[in-house]
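Residues per chain are reported as follows:
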Amino acid sequence: MTATQTKDLSVAEAIETRVSIRKFVQEPMDQGDLHEILRLAGLAPSAWNFQTWRFAVVQNPELQAKLQEAAYGQGQVTSAPAVIVVYSDMEDTIATVEETAHPGMGEEGRAGQRKTIEGAFGGQDVAQRGQWGLSQANIAFGFLMLAARSKGYDTVPMLGFNPQAVKELLGLPDHVQFAGLLPIGKRAENGFSQHRHSVERVTKFY
Ligand SMILES: Cc1cc2nc3c(=O)[nH]c(=O)nc-3n(C[C@H](O)[C@H](O)[C@H](O)COP(=O)(O)O)c2cc1C
């Protein structure tokens with residue numbers, strides 16, 4: 001929670017008040033809040049509980065300036081006190097899958113997770129299974145935005161960047177896939193109001 005917000009927003013309030021913010025108040029992130037927001041994002045569900053998402057948090061103006069260059073000059077990358085890079089690492093997920101077994105399931109659960117992941121992805125190439133890993137990381141990306149808003153912070157999701165350049169800047173392996181960059185901080189502008197399709201436009205009821 002921030003100094004100006006004493007109570008977390010409800011999920012509905014967080015959804016209603018989340019809009020993309022591209023100008024932020026110039027003050028560092030509260031590190032406790034940042035940690036809590038990341039913890040909440042990690043409570044996202046994933047198939048077989050594989051938790052393919054990984055986070056890289058950048059709070060270094062020099063590195064942010066380089067990230068901004070990789071993001072075609074988009075100003076929000078340096079305006080925000082922090083940028084959370086959300087990516088999936090399916091190769092790390094495979095290598096360490098036993099960690100994702102529920103402790104209640106004991107050794108059998110750990111062996112089961114290994115068998116499951118090898119059965120499902122052993123026959124796929126790195127790019128194919130990486131794509132699947134990304135579909136899971138995107139869920140955490142959504143949770144992250146709402147967790148941030150519920151704690152009084154604002155964000156803007158971004159895919160407008162050169163992924164190769166970001167991998168090089170952060171020293172990430174080539175196989176990772178990005179859910180997006182997420183500049184985060186307190187809003188210094190209101191952003192555009194939400195403009196969305198109606199339920200009827202995008203839904204068929206059977
Ligand atoms: C996956 C994704 C990628 C996006 N990439 C960018 C981006 O590179 N730069 C940017 O300014 N906004 C980006 N946006 C923000 C969208 O423009 C914005 O979410 C959309 O217009 C709806 O507005 P709202 O977020 O304010 O509700 C992105 C949004 C998503 C979900």
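Residues numbered from 1 in each chain as written. Predicted model: local features only at pLDDT ≥ 70, side-chain atom pairs only at ≥ 80, totals over all residues. Heavy atoms only, no water.

Caption draft 1: Region of interest: the overall build of the protein. Regarding its fold elements, the protein presents nine helices and four strands. N-terminal to C-terminal, the α/β element order of the protein is α-α-β-α-α-β-α-α-α-β-α-β-α. Taken over the C-alpha trace, the protein has a radius of gyration of 18 Å; the compact-globule value for 206 residues is 17 Å, and the two agree within 12%. Its C-alpha atoms put the protein at 50 × 45 × 35 Å along the principal axes. Out of the 206 residues in the protein, the part that is buried amounts to 42%. For the protein, long-range pairs separated by at least 24 residues make up 79% of all intrachain contacts whose partners lie at least 6 apart in sequence. Entry remark: accessible area of the protein is about 11300 Å², with carbon and sulfur atoms responsible for 55%. Where the 19 positive side-chain charges of the protein centre and where its 23 negative ones centre are 6 Å apart. (Helix = DSSP H or I, 4+ residues; strand = E, 2+ residues; numbered from the N terminus. Rg over C-alpha atoms; globule rule 2.2 N^0.38 Å. Buried < 20%, exposed > 50% of the residue type's maximum accessible area, 1.4 Å probe, protein only. Contact = heavy atoms within 4.5 Å. Areas by Shrake-Rupley, 256 points an atom, 1.4 Å probe, with all protein chains shown as cover. Lys, Arg positive; Asp, Glu negative; His and termini not counted. Charge placed at Lys NZ, Arg CZ, Asp CG, Glu CD.)

Caption draft 2: View of the packing of aromatic side chains. Under the defined criterion, the tally for this structure stands at seven aromatic pairs. Where W48 meets W132, the ring centres are 6.1 Å apart and the plane angle is 35 degrees; that geometry is what we call tilted. Here W48 is found in the loop between α2 (31–41) and β1 (53–58), whereas its partner W132 is found in helix α7 (residues 126–150), with 84 residues between them in sequence. Under the relative-accessibility criterion, W48 is labelled partly exposed at 45%. Put simply, the rings of W48, F50, F121 and W132 touch in pairs and so form one group of aromatic residues. (Phe/Tyr/Trp six-rings, centres within 6.5 Å; stacked < 30°, edge-to-face > 60°.)

Caption draft 3: Here's a closer look at the pattern of salt bridges. In total, this model carries 11 salt bridges according to the counting rule given. For E91, the salt bridge is made with R129, and the minimal N-O distance between the two is 2.7 Å. Linking E91 in helix α5 (residues 90–95) with R129 in helix α7, this pair joins segments that are 38 residues apart in sequence. This pair shows no difference in class: E91 is buried, exactly as R129 is. (Salt bridge = Lys/Arg side-chain N within 4 Å of Asp/Glu carboxyl O.)

Caption draft 4: Up close: the UniProt feature "domain: Nitroreductase" (unreviewed entry) in the protein. In this numbering, the UniProt entry assigns the feature "domain: Nitroreductase" (unreviewed entry) to residues 15–186. Secondary structure across residues 15–186 divides into 48% helix and 14% strand, with the first and last C-alpha atoms of the span separated by 16 Å. (UniProt positions renumbered as here; feature names shortened; annotations may be inferred.)

Caption draft 5: Inspection of the site of the ligand at higher detail. The immediate surroundings of the ligand are formed by R18, V19, S20, R22, Q74, Q76, V156, P157, M158, L159, G160 and R196. Between an oxygen atom of the ligand and a side-chain N or O atom of R18, the distance comes to 3.0 Å. Between L159 and the ligand, the recorded distance is 3.0 Å, taken from a backbone N or O atom to a nitrogen atom. Protein chains bury 63% of the 620 Å² of accessible surface belonging to the ligand in isolation. Tallied by class, residues from the shell around the ligand come to five nonpolar, four polar and three charged. (Near = heavy atom within 4 Å. Polar contact = N/O pair within 3.5 Å; in protein donor to acceptor, adjacent residues only side chain to side chain. Nonpolar A, V, L, I, M, F, W, Y, C, P; charged D, E, K, R; others polar.)

Caption draft 6: Examining the nonpolar core more closely. Within the largest apolar cluster, 18 residues are counted, with the highest numbers of intra-cluster contacts made by M29, I37, I84, L144 and I184. Per-element accounting of this core gives the leading share, six residues, to α7. Sequence-distant contacts of I84, defined by excluding residues within four places in its chain, comprise L34, L38, F55, A56, V57, L144, G180, L181, L182 and I184. In this structure, F161, V166, V176 and L181 belong to the second largest nonpolar core, which totals 17 residues. (Core = buried A, V, L, I, M, F, W, Y, C linked by side-chain atoms within 4.5 Å.)

Caption draft 7: Fine view of the sheet that holds strand β4 (residues 177–185). Read from one edge to the other, the open sheet built from four strands follows the order β1-β2-β4-β3, with strand pairing classed as antiparallel. On the outer flanks of this sheet lie β1 and β3 (154–155), each paired with one strand and no other. The pairing of strand β2 (residues 82–88) with β4 spans seven bridges and is classified as antiparallel. When the sheet's bridge partners are listed, V85 is paired in β4 with L181. Packed onto the sheet, helix α8 (residues 163–170) meets β1, β2 and β4 and runs at close to 70 degrees relative to β4. (Pairing = 2+ DSSP bridges. Axes fitted to C-alpha atoms, helices over the stretch in contact; angles between N-to-C directions.)

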